[in-house]
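Working through the structure, step by step
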Amino acid sequence: MFLPKFDIIKGVTIDCMHCILLGIMKRLLHLWFDKKYRAESFSIIKRIKDVNQRLLNIKPPNFISRIPRSLEDLGHYKASELKSFLLYYGLPCLLGILPDQYFQHFLLLVQAVFLLLQDSISVSDLKQSSVLLKHFCLNMSVFYGKRYETSNVHMLLHLVEKV
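Residues numbered from 1 in each chain as written. Predicted model: local features only at pLDDT ≥ 70, side-chain atom pairs only at ≥ 80, totals over all residues. Heavy atoms only, no water.

1. What about the packing of aromatic side chains?
Within the structure shown, the criterion is met by eight aromatic pairs. Note on Tyr-37 and Phe-42: the rings are 6.1 Å apart at their centroids and 50° apart in plane angle, and the pair reads as tilted. Like Phe-42, Tyr-37 is buried. The interplanar angle of 55° and the centroid separation of 5.4 Å between the aromatic rings of Tyr-102 and Tyr-144 together place this pair among those described as tilted. Pair noted here: Tyr-102 is in helix α5 (residues 100-116) and Tyr-144 is in helix α6 (residues 123-144), with a separation of 42 residues, a long-range link. As far as the burial class goes, Tyr-102 and Tyr-144 line up, both buried. Taken together, the ring pairs in this structure connect Tyr-37, Phe-42, Tyr-102, Phe-143, Tyr-144 and Tyr-148 into an aromatic cluster. (Phe/Tyr/Trp six-rings, centres within 6.5 Å; stacked < 30°, edge-to-face > 60°. Buried < 20%, exposed > 50% of the residue type's maximum accessible area, 1.4 Å probe, protein only. Helix = DSSP H or I, 4+ residues; strand = E, 2+ residues; numbered from the N terminus.)

Right, dumping it as structure tokens:
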């Protein structure tokens, strides 16, 4: 930080694995499925069996290296499993179970990350991702509380620029 001519904002990239997958995605899953949050409006711990049933019935294509496993093993999930949940499993597993406002909020993250992970990204993809991520970040504290407005969430605002 104190290096001459070093701009910490422009000079450090965002690590997708730690920021998004092991950071934000894992946090959301804990918020939804951890017993200590069962009194919160976002908690769906009472529906974990339904989500697990959907999750474990998924037959992933061969480009996904790990088959889905129970959310009861969430503490042992690898980044690749969190990526699969974010991009492929989450929406069909949570549809009709996660309250709609939280589902729509999650959808912002899914769509933005999907656009940014494409092999070829257009200028309109970047603009759309930027808008989606801003809405996700702005609503994080609204839906989950100020406590979860973390540095990982803030870094999403810089993600498009880094891509």
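2. Details of a nonpolar patch on the surface
Side chains of Leu-3, Phe-6, Ile-8 and Val-12 sit close together on the surface and give an oily, nonpolar patch of about 340 Å² of accessible area. For Ile-8, the position within the fold is in helix α1 (residues 8-11). Given a relative accessible area of 41%, Ile-8 falls into the partly exposed group. (Patch = residues over 30% accessible without salt bridge, like charges linked within 9 Å, V, L, I, M, F, W, Y side chains within 5 Å. Areas by Shrake-Rupley, 256 points an atom, 1.4 Å probe, with all protein chains shown as cover. Salt bridge = Lys/Arg side-chain N within 4 Å of Asp/Glu carboxyl O.)

3. A word on the environment of Leu-98
Mapping Leu-98 onto the fold places it in the loop between α4 (79-94) and α5. The class of Leu-98 is buried, set by a relative accessible area of 4%. Note: C-alpha distance between Leu-98 and Ser-43 (55 residues apart in sequence) is 8.1 Å. Every residue in contact with Leu-98, bar those within four places of it in the chain, is listed here: Trp-32, Phe-42, Ile-44 and Phe-103. (Contact = heavy atoms within 4.5 Å.)

4. Here we look at the pattern of salt bridges
As enumerated under the stated definition, the model contains three salt bridges in all. For Arg-47, the salt bridge goes to Asp-50, with nearest N and O atoms at 2.5 Å. Arg-47 sits in the partly exposed class, given a relative accessible area of 32%. Note that Arg-69 and Glu-81 form a salt bridge whose closest N and O atoms lie 2.6 Å from each other. Placement of Arg-69 in the loop between α3 (48-56) and α4 and of Glu-81 in helix α4 is noted, with a sequence separation of 12 residues between them. For Glu-81, a relative accessible area of 6% puts it in the buried group.

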